[in-house]
Amino acid sequence: MPRDISTETPIRIAVLPVAGLGTRFLPATKAQPKEMLPIVDKPLVQYAVEEVAASGIPMVIFVTGRGKEAIENHFDVSFELEHQLAGRGKEDLRGLVRSIAGLLKVSYVRQQQARGLGDAILTARELVGREPFAVVLSDDVVDADTPCLRQMLAVFARYGRSVVAIQRVDRRRVSNYGIIRGVPVPDRHRNGRVFRIQDMVEKPRPAQAPSNLAIIGRYILTPAIFDELAATATGTGGEVQLTDAMRRLLDREPIYGLEFEGQRYDAGDKLGFLKATVELALKRPDLGAEFRKYLKSLDL
Ligand code: G1P
């Protein structure tokens, strides 16, 4: 595969759509964004932002909406809180809350109507400009030795084209995801885990699904996606689907899928959220041992 200029381009921007209504978590999300629900003691959206930072991407664009101000405040300096913590001698906590504000450069753009993931990405078009960028959905929490996005950046560096994260799912669950059809490409560093995508479909019925390889909420996209998003009609659920726009993009450019290494939790789903909470709590040095003891004591 010839190397072209774009293979040298580092990704500088991650777009985080956070405008969704979070109806699956009502009533918890009546007056607070679902992205602020904590797994142990950290909001979902912070896991996403930390993954972006750990992958070496310096800038985040949040696509927000009404009622999402808590996210803006979370990634800003809280002078009053810091002042009070300092006054009580809680320097470690003060450092902790300050460090969140310094993770990355942050910008915000508002999606005026909840018209779907594709529309949310299109809202960021002017801020992104004409460069490849990442998209991270904070519902998907990925626990991995090498951050999932970083694994994808290595594939982007190799092929210079859009890359989506994929994972095998139970056949009965395919209708929750974008599903791809693809062929593995020989890639000796990634051992059959990189696929050249031939087709994709948003939330198919199991009988219609081209495989059980599901798109997970991590994308690296070339800017050509914006023209396709602008031309994409509303699809599944009456929303503009990113999967439909990527399907159009396939006619112009190759797209790759990476079966990433790591544990992914669907924190947008109640059971997935609980699993993430239990497993990430067990891994915590300050809580894990006692929590394990407690779980073992339960008469299940
Ligand atoms: C979105 C995408 C879907 C993808 C999923 C990953 O769906 O539309 O293609 O598989 O994220 O989490 P949502 O979960 O927002 O319904």
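Residues numbered from 1 in each chain as written. Predicted model: local features only at pLDDT ≥ 70, side-chain atom pairs only at ≥ 80, totals over all residues. Heavy atoms only, no water.

**Description of the overall build of the chain**
Threshold: Counting from the N terminus, the helices are the DSSP runs of H or I reaching at least four residues and the strands are the DSSP runs of E reaching at least two. When we talk radius of gyration, it's over C-alpha atoms, and the globule rule is simply 2.2 Å times the number of residues to the 0.38. Residue burial is assigned from relative accessible area. The probe radius is 1.4 Å, only protein chains are included, and a residue is buried under 20% of its type maximum, exposed over 50%, and partly exposed in between. By definition, residues are in contact when any of their heavy atoms lie within 4.5 Å. Only the protein chains shown count as cover for residues, and all accessible areas are computed by the Shrake-Rupley method using a 1.4 Å probe. Counting rule for charge: Lys and Arg are taken as positive, Asp and Glu as negative, and neither His nor the chain ends is counted. To locate a charge, take NZ of a lysine, CZ of an arginine, CG of an aspartate or CD of a glutamate.
The helix and strand tally for the chain stands at 11 helices and 13 strands. A globule of 300 residues ought to have a C-alpha radius of gyration of about 19 Å, and the chain, at 20 Å, matches this closely. Based on the C-alpha atoms only, the size of the chain along its principal axes is roughly 60 × 50 × 40 Å. Buried positions account for 49% of the 300 residues belonging to the chain. Taking the intrachain contacts of the chain between residues at least 6 apart in sequence as the baseline, contacts between residues at least 24 apart amount to 77%. In the structure as shown, the chain presents an accessible area of about 15,400 Å², 50% of it carried by carbon and sulfur atoms. Computed over 43 positive and 38 negative side-chain charges, the inter-centroid distance for the chain is 3 Å.

**So, the packing of helix α10 (residues 270–282) against helix α11 (residues 288–297)**
How we decide: A fitted line through C-alpha atoms serves as each axis, taken over the contacting stretch for helices, and the angle formed by two N-to-C directions is quoted from 0 to 180°. Note on angle classes: values under 35 degrees are labelled roughly parallel, values over 145 roughly antiparallel, values of 65 to 115 roughly perpendicular, and the remainder oblique. Three classes are used, and their members are as follows: Ala, Val, Leu, Ile, Met, Phe, Trp, Tyr, Cys and Pro are nonpolar, Asp, Glu, Lys and Arg are charged, and the others, Gly among them, are polar.
Where α10 contacts α11, the two axes come as close as 7 Å, and the packing angle between them is 125 degrees. Judged by the angle between their axes, α10 and α11 are oblique. On α11, the residues that touch Val278, Ala281 and Leu282 of α10 are Gly288, Phe291, Arg292 and Leu295. In the contact of α10 with α11, the residues fall into five nonpolar, one polar and one charged.

**What to know about the pairing of strand β8 (residues 162–168)**
Quick note on the threshold: A pair of strands is considered paired only if DSSP assigns at least 2 bridges between the two.
With five of seven residues buried, β8 is to be regarded as a mostly interior element. When β8 meets strand β12 (residues 255–259), the two strands line up parallel, connected through five bridges. Bridged to Ser162 within β12 is Ile255. Bridge count for β8 against strand β11 (residues 213–221) is six bridges, and the pairing is antiparallel. What sits directly across from Val163, in β11, is Ile220.

**As for the site of the ligand**
Defined as follows: Only a single heavy atom is needed: when it lies within 4 Å of a molecule or strand, its residue is near that molecule or strand. As used in this structure description, the phrase polar contact means that two N or O atoms lie within 3.5 Å; if the pair is within protein, one of them must be able to donate a hydrogen and the other to accept it, and residues adjacent in sequence are counted only when both atoms belong to side chains. Only protein atoms enter the 1 Å grid, on which a cavity is a set of points fitting a 1.4 Å probe that cannot get out and a pocket is an open set with protein on both sides within 12 Å along at least 5 of 7 lines, lining residues being those with an atom within 4 Å of a point. In this scheme, a molecule is assigned to a cavity or pocket if more than half of its atoms are within 2 Å of the grid points.
By nearness alone, every residue bordering the ligand is listed as Leu117, Leu137, Asp140, Tyr177, Gly178, Glu202, Lys203, Ile215, Gly217, Tyr219, Gln241 and Thr243. Measuring from an oxygen atom of the ligand, one finds a side-chain N or O atom of Glu202 at 2.7 Å. Separating an oxygen atom of the ligand from a side-chain N or O atom of Thr243 is a distance of 3.2 Å. Among the cavities detected, the one that contains the ligand is the largest pocket. The element contributing the most residues to the shell around the ligand is β11, with three residues. Split into classes, the residues belonging to the shell around the ligand amount to five nonpolar, four polar and three charged.

**A word on the side chain of Thr29**
Note on placement: Thr29 falls in the loop between β1 (13–17) and β2 (38–39). By relative accessible area, which is 7% here, Thr29 ends up buried. A distance of 3.4 Å separates the side chain of Thr29 from the backbone nitrogen of Leu26, its partner in a polar contact. With sequence-adjacent residues up to four places away left out, Thr29 is seen in contact with Leu21, Gly22, Lys34 and Leu37.

**Things to note about a nonpolar patch on the surface**
Rules: Distance thresholds for patches are 9 Å for like charges and 5 Å for nonpolar side chains (Val, Leu, Ile, Met, Phe, Trp, Tyr), applied to residues having over 30% relative accessible area and no salt bridge. Here, a salt bridge means any Lys or Arg side-chain nitrogen found within 4 Å of an Asp or Glu carboxyl oxygen.
Residues Tyr294, Leu298 and Leu300 make up a contiguous nonpolar surface patch of roughly 370 Å² in combined accessible area. Its place among the elements puts Leu298 in the segment after α11. Judged by its relative accessible area of 33%, Leu298 falls in the partly exposed class.

**Describing the layout of surface pockets**
This is how it is decided: Grid points are joined across faces, edges and corners, and a volume is the space filled by probe spheres set on the points.
By volume, the largest pocket amounts to about 1,100 Å³. What lines the largest pocket is a set of 41 residues, and nearest its centre among them are Arg24, Lys34, Leu137, Asp139 and Lys203. Elements represented by at least two residues in the lining of the largest pocket include exactly α5 (117–123), β11, α9 (242–249) and β13 (263–266).

**Remarks on the packing of helix α3 (residues 79–87) against helix α4 (residues 91–101)**
Condition: Rotating anticlockwise by less than a right angle from the far helix to the near helix defines a left-handed crossing, while the corresponding clockwise rotation defines a right-handed one.
Running from N to C, α3 and α4 point in directions that differ by 165 degrees, and their axes come no closer than 8 Å. Between α3 and α4, the crossing angle belongs to the class labelled roughly antiparallel. When you trace α3 past α4, the crossing you get is left-handed. Between α3 and α4, the residues in contact are Leu81, Glu82, Leu85 and Ala86 and Glu91, Leu93, Arg94, Val97 and Arg98, respectively. Tallied by class, the residues present in the contact of α3 with α4 amount to five nonpolar, no polar and four charged.

**Describing the packing of aromatic side chains**
How we decide: Between rings of Phe, Tyr and Trp, where Trp is taken as its six-membered ring, a pair exists when centres lie within 6.5 Å; planes separated by under 30 degrees are stacked, by over 60 edge-to-face, and by other angles tilted. The rule is short: NZ of Lys or CZ of Arg within 6 Å of the ring centre and within 35 degrees of the ring normal puts a charge over the ring.
Applying the stated criterion across every chain yields a total of six aromatic pairs. Between Tyr159 and Tyr256 the ring centres are 4.3 Å apart and the planes differ by 25 degrees, which places this aromatic pair in the stacked class. With Tyr159 in helix α7 (residues 148–159) and Tyr256 in strand β12, the pair connects residues that are 97 residues apart, well separated along the chain. Judged on exposure class, the residue Tyr159 and its partner Tyr256 are both buried. Three or more aromatic residues joined by ring pairs form one cluster here, namely Phe62, Phe75 and Tyr108. Geometry around Tyr47 places Lys42 over its ring, the cationic atom sitting 4.6 Å from the centre.

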